[in-house]
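As a plain string of letters, each chain reads:
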Amino acid sequence: MAIIEVRDLVKSYNGLPAVNGVSFSVEEGEIFGFLGPNGAGKTTTINILCTLLASDSGSSMVNGFDSMTEPHGVRSSIGLVFQEMTLDNELTAYENLKFHCYLYKMKRALTAQRIEELLAVVGLSDRKNDLVKKFSGGMKRRLEIARGLLHRPKVLFLDEPTLGLDPQTRRNVWEFIADLRAREGNTVFMTTHYMDEAEACDRIAIIDGGRIIACDTPENLKLSLRGDTISLETEDDAKACLELKEGLGLEPTMIKDGGLTLIVEHGEKEIPRILKGLSVGVRTVNLKRPTLDDVFLHMTGREIREDKNMNRNSRQPFRR
Amino acid sequence: MIVNNAVYVIVMREFKRFFRQRGRLLTTLVRPLLWLFIVGTGLSRLVAPVGDDGSGAGEYMQFLLPGVIGMTILFSSIFSTMSVVWDREFGFLREMLVAPVSRLTIVVGKLLSGTALSLFQGMMLLIVAPFIGVEIGLGQVIAMVFLVSLVSFSLTAFGLFIAAHLKSLEGFNVIMNFIILPMFFLSGALYPVEHLPTPLKLVTYINPLSYGVDAFKHVLLPGGGRLSAEFPLILDIIFVSVFAAVMMALSARAFSKRG
C-alpha cells in the first residue's frame, strides 16, 4: 500500500481554489518531489496532509491514517520541516531537540542518545549548547531537519527545504537529505521550485494552478518531450545531411549559418552511430538533453521562474 | 487535568525563556516598585494627608499594594500568553500544532506556565509588604498563594483567549490600550470603585481584576476603613472562578479549530 494516498483534494480560499482536485500516491521509501511555481498549491497540499488545514473535499491518507479524521495517527507518523523557521531562538539547539522529544512522547531513556546521534549527523554536535539565535540560516535548517527526524517518522515532509539558502548550503542540505534516506530508510515528500532539486527525486509531480499536470520519474518526464538535440558541425554539411538521411534514417535539419541539428530519443546512443556512419569530417558534436525546465515549459507554456521576483517569503495562508 | 510530558515541557520552555530574557525579568520586578514607591508616595500626600503625629503617611501606599500585585499579575499573565502570538509569528507554534498532542495539552501548558510565572511575580511583591507597614503572617501568605494563583489562572485564560484571535504582534498594542490598561484603571487598584460615576462603576463590576484586587485587599488590608475591600470575599472567589472556567473553555475551543 502507498504510504501517502491523495484523492481529488480541493481547498479554496475565499472562493479561489488553491488546490483543485489533486490526486497522487507516494510509495514507501521514495523521495517524492512536488515541483511548481509559488502559489501553485504546494504548501496548501502539505498543510492539509499534515493536518494543519482542513480540505474542502477529497481524501488524504498518510501511513494509513486519514488526515481529517485521524490527525493524531498522522502526526505521529510524520516529521516536518516548514518553509519558515520553526525553532525557538531563545533555546539552545539541544533544548529545541529535547522539547521535541517530550512533545512526541519519546522514551526518556532513548532520547539523549538519539539527540546526540542526529546532532552528529547534521554536524552540530559542538554547537549543541549554543542559543539557536546565534546560528546561521544553514545551521538552523540542518537543526530543523534533525528535529524532524528525531522521532523516526515514516514520512519526512520538507517544504522548500533549501529556500533562502546560499548555493553551497543548498547542496549540503540536499546531499544530507539523500544520505539520510539511505540511512533511515524513510519516505521523503518535498516541495521545491528548484529544478536541480527536483532532478534528484525518485518521482516528481508537476503542479500548477492547483492541479497536477504530470507525475513521473524525472527521466520519463524528460523522455516524454521530443527527445535530445544533437548539433553537428562538419566539413561538408550537405553531404553529411544526405548520409544521415539515407544511411541512418534520421531527419537532420540544415542550419543557415552552417551546421546540422537532429532530434533523437537517446542522444548518447546515437552519437557513436552517427560518427561511424559519416564519411565527412566532423568538427564538433553537441548533445543537449531536455531539462525539467523544458518539461515545465512544455506542459504549462511558461517558465517555472517567471515569478521569481515575487516575494518569496509571502506566507501561505494557514490557521491554527 | 491533563498533566503529561508535553505540558511539562511547554511549561519548562516558558520558564527558561522568562529567566533568559533579562530585560523582561527586570521590568516585571521594577515596574510594580515604581508604582508603589513613586506614584504611591506622590499620591499618598494628596489622598491621605499626614497628621501632625505622622500618622497616615503610608496608608495610600498600603492601599496600593493589593492593586499593584493585581497589576503585576495582569501584565504578566497577558504578556506570557502573547508568547502564543509570538510563536505563531516566528513559526514555533507549528512545531506544537503538528505534534501528536491534543490542542488542549497546548492550552493547559500555556495556562499553567502563565499562571506559575504570574504567581512567582505576584508573590515576590509580598517581600516589600513589611517595609510599607503591611503586616503579613503565614496564614496571609498561604491565602495569597491561593488567591494569586486563582486570579493569575483566570487572567492567563483570558489572555489566551485573546491571543488565539490575534494574528500578529501588532495587535498587541491595541489590546494593551483598549483592554489591559482600562482593566487596570477600573479595577479598584488605584482608588476605591465606589466613588466612580455609575457608567464606570458598571465596568468595574464586570472586570475580573476588580474582584481579584478586592480579594487581595481582604487578606492584606483586613483592618476595614475607607480603603479596604468593597465586595464580599466569597463573591470575589466565585466571580473569578467562573470567569476562569468560561475563558478556559473558550480558549480551548479557539485552539482546537482547524482552518
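The sections below set out a description of the structure shown in this document. As the structure is a prediction and not an experimental result, all values here were calculated from the model.

1. Regarding the nonpolar core
Argument step 1. Of all hydrophobic cores here, the largest spans 151 residues; its most connected members are A:Ile4, A:Phe24, A:Phe157, A:Phe189 and B:Ile69.
Argument step 2. By residue number, the principal contributor to this core is helix 3 (residues 59–89) of chain B, which donates 15 residues.
Argument step 3. Excluding anything up to four places from it in sequence, A:Ile4 contacts A:Phe24, A:Ser25, A:Val26, A:Leu49, A:Met61, A:Val155, A:Phe157 and A:Phe189.

2. Observations concerning the sheet that holds strand 13 (residues 260–264) of chain A
All names here are of chain A.
Argument step 1. Pairing within the open sheet is antiparallel, and its 4 strands lie in the order 12-13-11-14. Two strands bound the open sheet, and with one partner strand each, they are strand 12 (253–254) and strand 14 (282–288).
Argument step 2. Bridging between strand 11 (residues 228–234) and strand 13 involves 5 bridges; their strand directions are antiparallel. Pairing of Ile230 across the sheet is with Leu262, part of strand 13.
Argument step 3. With respect to the sheet, helix 10 (residues 267–277) is in contact with strand 11, strand 13 and strand 14, its orientation differing from that of strand 11 by roughly 25 degrees.

3. Some thoughts on the packing of aromatic side chains
Argument step 1. Tallying each qualifying case throughout the model produces 23 aromatic pairs over all chains.
Argument step 2. With 5.6 Å between their ring centres and 50 degrees between their planes, A:Tyr102 and B:Tyr8 make a pair best called tilted. One end of the pair, A:Tyr102, is in helix 3 (residues 93–103); the other, B:Tyr8, is in helix 1 (residues 5–20), on a second chain.
Argument step 3. On the basis of relative accessible area, A:Tyr102 is assigned to the buried category, the value being 10%.
Argument step 4. Taken together, a centroid distance of 5.0 Å and an interplanar angle of 85 degrees make the contact between B:Phe18 and B:Phe19 edge-to-face.
Argument step 5. In this structure B:Phe19 comes out as partly exposed when scored by relative accessible area, which is 34%.
Argument step 6. One aromatic cluster in this structure is built from A:Phe24, A:Phe32, A:Phe34, A:Phe157 and A:Phe189.
Argument step 7. Above the face of the A:Phe99 ring, B:Arg13 is positioned so that its terminal group lies 6.0 Å from the ring centre.
Argument step 8. Directly above the ring of A:Phe82 sits B:Arg94, whose terminal nitrogen or CZ lies 4.5 Å from the centroid.

4. Focus: a nonpolar patch on the surface
Argument step 1. Nonpolar side chains collect at one region of the surface, where B:Leu26, B:Val30, B:Leu33, B:Leu34, B:Phe37 and B:Ile38 lie side by side and expose about 520 Å² of accessible area between them.
Argument step 2. Checked against the element boundaries, B:Val30 lands in helix 2 (residues 22–47).

5. Some remarks on the environment of B:Lys217
Residues and elements named next belong to chain B.
Argument step 1. Among the structural elements, Lys217 can be located in helix 9 (residues 208–220).
Argument step 2. Along the sequence, Lys217 and Leu186 sit 31 residues apart, while their C-alpha atoms lie 15 Å from each other.
Argument step 3. Contacts of Lys217, omitting those with residues within four sequence positions, involve Phe63, Pro66, Gly188, Pro222, Leu227, Ser228, Ala229 and Glu230.
Argument step 4. Within the local environment of Lys217, its side chain forms a polar contact with the backbone oxygen of Gly188, the two atoms lying 2.9 Å apart.

6. Here's the deal with the environment of A:Lys140
Residues and elements named next belong to chain A.
Argument step 1. Here Lys140 lies in helix 5 (residues 137–149).
Argument step 2. Along the sequence, Lys140 and Ala240 sit 100 residues apart, while their C-alpha atoms lie 57 Å from each other.
Argument step 3. Residues within four places of Lys140 in sequence aside, it is in contact with Met85, Leu87, Asn89, Val132 and Phe135.

Conventions adopted
- Residues numbered from 1 in each chain as written.
- Chains lettered and ligands numbered in written order.
- Predicted model: local features only at pLDDT ≥ 70, side-chain atom pairs only at ≥ 80, totals over all residues.
- Heavy atoms only, no water.
- Core = buried A, V, L, I, M, F, W, Y, C linked by side-chain atoms within 4.5 Å.
- Buried < 20%, exposed > 50% of the residue type's maximum accessible area, 1.4 Å probe, protein only.
- Helix = DSSP H or I, 4+ residues; strand = E, 2+ residues; numbered from the N terminus.
- Contact = heavy atoms within 4.5 Å.
- Pairing = 2+ DSSP bridges.
- Axes fitted to C-alpha atoms, helices over the stretch in contact; angles between N-to-C directions.
- Phe/Tyr/Trp six-rings, centres within 6.5 Å; stacked < 30°, edge-to-face > 60°.
- Lys NZ or Arg CZ within 6 Å of the ring centre and 35° of its normal.
- Patch = residues over 30% accessible without salt bridge, like charges linked within 9 Å, V, L, I, M, F, W, Y side chains within 5 Å.
- Areas by Shrake-Rupley, 256 points an atom, 1.4 Å probe, with all protein chains shown as cover.
- Salt bridge = Lys/Arg side-chain N within 4 Å of Asp/Glu carboxyl O.
- Polar contact = N/O pair within 3.5 Å; in protein donor to acceptor, adjacent residues only side chain to side chain.

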